[in-house]
Amino acid sequence: MKIAVCIKRTPDSESRFKVASSATGIDETGLKFDVDDFAGYAVEAALQANEKGGGGETVVIALGPDNVQEVLRKAMSMGADRAIHLKADSLPSDGLAVAKALSAELKDQGFDLILFGKQAFDTSAGVVGTATAELLGLPCVTAVSKLDVSAGQGTARRDLEGAGEMVSFPLPAVVTIDEGVARPRYPSLKGIMAAKKKPLESKPAQLGDARVTVQKMELPPERAAGRIIGEGAAAVPELIRLLQTEAKVL
Amino acid sequence: MDDFFNIDSQLSEDELAVRDSVRRFVDERVMPIIGQAYVDGKFPKELIPEMAELGVFGANLPEEYGCAGLNNVAYGLIMQELERGDSGIRSFASVQGALAMYPIYAFGSEEQKRKWLPKMAAGEVIGCFGLTEPDYGSNPSGMITRAREQQDGSWILNGAKMWITNGSTAQIAVVWAKINDEQSDKGIRGFIVERGTPGFSSRDQKGKLSLRASDTSELVFQDVRLPKDAILPGSNGLKSPLMCLTQARYGISWGALGAAMACFEEALAYSKERIMFDRPIGGFQIQQVRLADMLTEIVKGQLVSLHLGRLKDAGTFTPQQVSLAKRNNVNIATDIAREARRLLGANGILAEYGAMRHMANLESVYTYEGTHDVHALILGQALTGLNAFK
């Protein structure tokens, strides 16, 4: 099966973030970047689908400046066969502009399945996968936690609040992946060496117009310091009184 | 730990990728189980297939034998990360790669290499290295294990080896013995002895208070008949096993830093959380000096190992340089582990924390693969031209 996985380079989610001096993004100094968490699950889902199907091709695609090649290499060290870098000076914050560039690359390439992470950690927008499906005119299933594909047909599980939903769809299709599919594998040391020899094609991204722009980014306000009103059982009446009258939560 | 000296800027993209992959494996698979494995006195064998899948065994040997074909800096970083988990885990990989696979690669016939190396890289065959004997540790040239060639070309092996990491786990042992009536160390050769060969037995060494999550055994050879092709044809004299030890000691110089890094990270985190006299103990000058000293020695050690790795990749390093690095880095790691244990106060003696486990492990690392003192004599000889060994 020919599978495309569109991945994004995002900072490690456990980093401590600062707003950049431009006030429209984060300060990237000292941050560690990697394949976005959900995109990592998508790569794993693609590799497993092809392993189960006994072959095929897994192509990873990323859009952005040259530094996105790092995450493409990482995905190839996990086992993807080749990579396409859609070169752009920066990544627009308008997901539709990105989806236009991806769909221009993906259309007529004969992909049976196109995978995305359900959303990226840094923007939490979840737009690019669904917009790409729309532009390509393909069925789209979002936030999938279990995926099976064979013989032109796919089935997937979506975890809802307190319930599960099983869906089926014809291929080709676009699927966005949630955690729950198997954990992304460690790139093996042989895989890391092999990734250096795998093809990575770089070409200009045909971005759409960016009609949405970020005006300002701010961190949540710092929480005020707590107050200790006493210790032990004796403090309980006062605590309840304050929760009722001051915090107004009771 | 934070890369205070920006040493990562001196590593290639591949080297960083290798380090990060092994780091994640250690964080996810080793850290959660190692304290209990240590207390139980068991090497966690269930990790062997995963370590093989990752590709850590003989990772700097060529791809044509099923290995990863990494450079020596990447190999060193693997050792660092494994020992950040535990010296026993790193010892397992060191012995498999540098002491069992390397001699087959360096001194074995093409047939031996094809037969054993791919299976050893895949973790299907585990090896050990038999050089040290009960009465011959720092002076291996005095060994009494002997192999006698028979009329039909086979060998009869007699003797005993001690302090053998992986000794009870291994399916094959690379055993060093003097041949026939040779008295000098020029008569030492290597042999591959397979588990199950009549007369070959091993037993665990009991009562260890260090390297508890590691298999340490005694090997006994009683009239063990070995086929003609059990000998490593390229091995020739004591310098052959010493070449293996140079490989392993190089890895240890990196590994010890991993243990030191784990202790430092633990101590630093603890110093910010532990409240005493109404403030974090990290706010007291005495703990800040401790932490500053630890960090300084780690950074110095990292620069020594990295430079040594670059020399090794360039093919210009010397065994004496390896002695300096092993001696220094293990020594500072023992100090750092002890200081970390002290910073942790009473909690520092618990298996829940790593410091005391690392501290006890590092006493073995200080003593094996050339003791701290023996490496001083190697350096002394290099400096003065005078041999203090005899």
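Scroll up to find the structure this text is about.
If you're wondering where the values come from, they're calculated on a predicted model, not measured in any experiment.

Trainee: Could you give an account of the overall build of chain A, with specific residues and numbers?
Mentor: Along its length, chain A carries 6 helices and 11 strands. Looking at chain A as a whole, 40% of its 250 residues are labelled buried. When contacts within chain A are restricted to residue pairs at least 6 apart in sequence, those whose partners lie at least 24 apart make up 70%. Between the averaged position of the 30 positive side-chain charges in chain A and that of its 33 negative side-chain charges there is a distance of 3 Å.

Trainee: With reference to specific residues and values, describe the interface of chain A and chain B.
Mentor: Taken together, the 15 residues of chain A in the interface contact 23 residues of chain B. In terms of surface lost to chain B, no three residues of chain A exceed Tyr186(A), Leu189(A) and Met193(A), which account for 46% of the buried area on that side. Counting across the chain A and chain B interface gives 4 salt bridges. Run the count over chain A and chain B and you get 8 residue pairs in polar contact (both at pLDDT 80 or more). Those elements that place two or more of their residues in the side of chain A that touches chain B are α2 (68-78) and α5 (189-195) of chain A.

Trainee: Please give an account of the pattern of salt bridges that cites residues and values.
Mentor: All chains considered together, the criterion is met by 44 salt bridges over all chains. Arg310(B) is the salt-bridge partner of Glu15(B), the closest N and O atoms lying 2.9 Å from each other. One end of the pair, Glu15(B), is in helix α1 (residues 13-40); the other, Arg310(B), is in helix α7 (residues 285-314), and 295 residues separate them in sequence. Glu15(B) gets classed as buried once you look at its relative accessible area, which sits at 3%. Asp152(B) is the salt-bridge partner of Arg225(B), the closest N and O atoms lying 4.0 Å from each other. Of this pair, Arg225(B) sits in strand β7 (residues 216-226) while Asp152(B) sits in the loop between β2 (146-149) and β3 (155-165); the two residues are 73 residues apart in sequence, bridging distant segments of the chain. Accessibility expressed as a relative area gives 55% for Asp152(B), which makes it exposed. Here the residues in one salt-bridge network are Lys32(A), Asp8(B), Arg19(B) and Asp20(B), joined through shared partners.

Trainee: Talk me through the packing of helix α3 (residues 72-85) of chain B against helix α4 (residues 87-107) of chain B; I want residue IDs and the actual numbers.
Mentor: All names here are of chain B. The geometry of α3 relative to α4 is characterised by a closest axis approach of 7 Å and an angle of 150° between their N-to-C directions. Mapping the contact onto sequence places Tyr75, Met79, Leu82 and Glu83 in α3 and Ser87, Ile89, Arg90, Ala93, Ser94 and Ala98 in α4. Tallied by class, the residues present in the contact of α3 with α4 amount to 6 nonpolar, 2 polar and 2 charged.

Trainee: Explain the nonpolar core residue by residue, including any values.
Mentor: Core analysis: the largest hydrophobic core is formed by 120 residues, its most contacted members being Leu189(A), Met51(B) and Ile78(B). Counting residues per element, this core draws most heavily on helix α6 (residues 239-273) of chain B, which supplies 15 residues. Beyond its immediate sequence surroundings of up to four residues, Leu189(A) is in contact with Val18(B), Val22(B), Leu54(B), Gly55(B), Val56(B), Ala59(B), Ala68(B), Leu70(B) and Ile78(B). In terms of nonpolar packing, the next biggest core, distinct from the first, is built from 37 residues, Ala39(A), Ala46(A), Leu47(A) and Met78(A) among them.

Trainee: So, the sheet that holds strand β4 (residues 57-64) of chain A: which residues are in play, and what are the values?
Mentor: All names here are of chain A. Strand order in this open sheet of 9 strands is β9-β8-β7-β10-β6-β1-β4-β5-β11, and the pairing throughout is mixed. Across the chains shown, the open sheet's two edge strands, defined by having one partner strand only, are β9 (163-170) and β11 (200-204). The sheet shows a mean angle of 30° between the axes of neighbouring strands, taken without regard to direction. Pairing of strand β1 (residues 2-6) with strand β6 (residues 113-117) involves 4 bridges; the strand directions are parallel. Within the sheet, the bridge partner assigned to Val5 lies in β6 and is Leu115. On top of the sheet, α2 reaches β4, β5 (82-87) and β11; it is set at about 165° to β4, its chief contact.

The rules behind these values
Residues numbered from 1 in each chain as written. Chains lettered and ligands numbered in written order. Predicted model: local features only at pLDDT ≥ 70, side-chain atom pairs only at ≥ 80, totals over all residues. Heavy atoms only, no water. Helix = DSSP H or I, 4+ residues; strand = E, 2+ residues; numbered from the N terminus. Buried < 20%, exposed > 50% of the residue type's maximum accessible area, 1.4 Å probe, protein only. Contact = heavy atoms within 4.5 Å. Lys, Arg positive; Asp, Glu negative; His and termini not counted. Charge placed at Lys NZ, Arg CZ, Asp CG, Glu CD. Buried area = accessible area lost by both parts, 1.4 Å probe. Salt bridge = Lys/Arg side-chain N within 4 Å of Asp/Glu carboxyl O. Polar contact = N/O pair within 3.5 Å; in protein donor to acceptor, adjacent residues only side chain to side chain. Axes fitted to C-alpha atoms, helices over the stretch in contact; angles between N-to-C directions. Nonpolar A, V, L, I, M, F, W, Y, C, P; charged D, E, K, R; others polar. Core = buried A, V, L, I, M, F, W, Y, C linked by side-chain atoms within 4.5 Å. Pairing = 2+ DSSP bridges.

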